[in-house]
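A closer look at the structure
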Amino acid sequence: MLYELWIASRFLRAGSKERIISVIALISMVGIALGVAVLIVVISVMSGFDRYLEDKMIGMHAHIIVETLPSAGNSLGLMKKIKELPNVVDAAPFILGGCLIREADTLINVQMRGIVPELEPNVTKIKEYLKQGDLKLGDNEIIIGEELADRLFLKIGDSLSLISPQTITISKFKIKGIFNTGMYLYDSGLIISSLEGANNFFAGSQVISGISVKTNNIYKVGELKQRIYRALSPKYLFEIKTWMDLNRNFLNALRLEKLVMFIVVIMTTVVAAFGIVNTLIMSAMKKTKDIGILRAVGGKINSILMIFLFQGLGIGSLGIILGTIGGLAIAGSLNNLIDFISKIIGRSLIPQDIYYFDKLPVYFNAKDIIAIIATAFIISLLASIYPAYQASRLKPTEALRYE
């Protein structure tokens, strides 16, 4: 095995008449390095956006929502049962319903969520998103999203008229706070009140809509969902949804987009791998005499095969190593590069009023990087097999016939 490696390295070194082989090998290596680097940067940015959006999805909603029917029983008893389960961090009740905003001659459909102000920050990030005001809500006090406030020219202290679909009556609420989640859906269509305020508005009788549950692992909510179902009875009184269930279509679209981008960018590596094929074919043609001598002195077919495979994998591995280092370095300093370009052009490349963030989210997912490296290695291996096989089939008599 060692002598095959040594010979493979010698074959890749440029002689006076074979420098073109090393040049093609270098071009192939650079091509693979660029493909791997670009793929790491693209996938790291996409993973960063995925985590950013996931954070927003579970910011205003708990990890798990346990929706209940009116006959489900006492909410405190249900919360106690749920909080006793493993991996449950905390729980809080809520009331959720649709209502209409009456503004001049316009009616706007929004959602009202009644919460317990003392418990809600334990299961959602509402306190983190609150930009103005506070969560100390009275029965006729609400907090609204920044998009909705801008649309209706509202500020803290103003009144907002809401129409309850149950009573068809108009109730006035005082704006106590304004939040900004960075998600237009919430910031433009969600109103938060106290649990008592929502109950009075919907003409209820202290009946909650459900319980918000926070877990210590957002990616294992499916297991906890089944555990909660087993703990509650009768099951038909409850409907349990995880944050993944609530955003399933959106998450599937993100995964598909990431997969398509992976396939598109990996084509760069496939194109570069053709350079490996060319390098090995030219190397086999130039080293016909050497192959014949090796076979004549007892070199086995497998040894010749391994020599050329090592050449191809050597080119590919060097490209992968350089591309991985370069990709991680570029992705890690991407925001510094964006800041530098922004200073040159005199304006931000990432307008915060549009994207709600001033830094490009970058996240290094070990599984993604390993998948990129493994895919590039497999491509390099596949590109090396055919020319290596052809070189190993060369017969000594044919190789030395004209020597």
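Everything here concerns the structure above.
Throughout what follows, the structure given in this document is the object of discussion.

The rules we used
Residues numbered from 1 in each chain as written. Predicted model: local features only at pLDDT ≥ 70, side-chain atom pairs only at ≥ 80, totals over all residues. Heavy atoms only, no water. 1 Å grid on protein atoms, 1.4 Å probe; cavity = no way out; pocket = protein on both sides within 12 Å on 5 of 7 lines; lining within 4 Å. Points joined across faces, edges and corners; volume = space filled by probe spheres on them. Helix = DSSP H or I, 4+ residues; strand = E, 2+ residues; numbered from the N terminus. Nonpolar A, V, L, I, M, F, W, Y, C, P; charged D, E, K, R; others polar. Salt bridge = Lys/Arg side-chain N within 4 Å of Asp/Glu carboxyl O. Buried < 20%, exposed > 50% of the residue type's maximum accessible area, 1.4 Å probe, protein only. Expected span 1.5 Å × (residues − 1). Arc of directions from axis to C-beta.

**Some thoughts on the layout of surface pockets**
Any empty space left between the atoms is revealed when a probe the size of a water molecule rolls over them. In this structure, the largest pocket encloses a volume near 540 Å³. Lining the largest pocket we find 20 residues, and of these S47, D50, K258, N365 and D368 sit closest to its centre. The element that contributes the greatest number of residues to the lining of the largest pocket is helix α10 (residues 248-286), accounting for six residues. Classifying every residue of the lining of the largest pocket gives 11 nonpolar, two polar and seven charged.

**Quick notes on the pattern of salt bridges**
Summed over the entire model, instances satisfying the criterion amount to 11 salt bridges. For E120, the salt bridge is made with R113, and the minimal N-O distance between the two is 3.6 Å. Where D245 meets R248, a salt bridge forms, and the shortest distance between an N and an O atom there is 2.3 Å. Overall, D245 belongs to the partly exposed group, its relative accessible area being 24%. For R248, a relative accessible area of 43% corresponds to the partly exposed category.

**Here's the deal with helix α13 (residues 334-345)**
Taking 1.5 Å of rise per residue, 12 residues should cover 16 Å, and α13 covers 17 Å from first to last C-alpha, within 8% of that figure. Along α13, the residues that are buried comprise L334, N335, I338 and S342. Down the axis of α13, the sector holding all buried residues measures 95 degrees, keeping them to one side. Across α13 from its buried face, at more than 90 degrees, point the exposed residues N336, F340, K343 and I344. Positive phi appears at G346, one or two residues downstream of α13, with a value of about 80 degrees.

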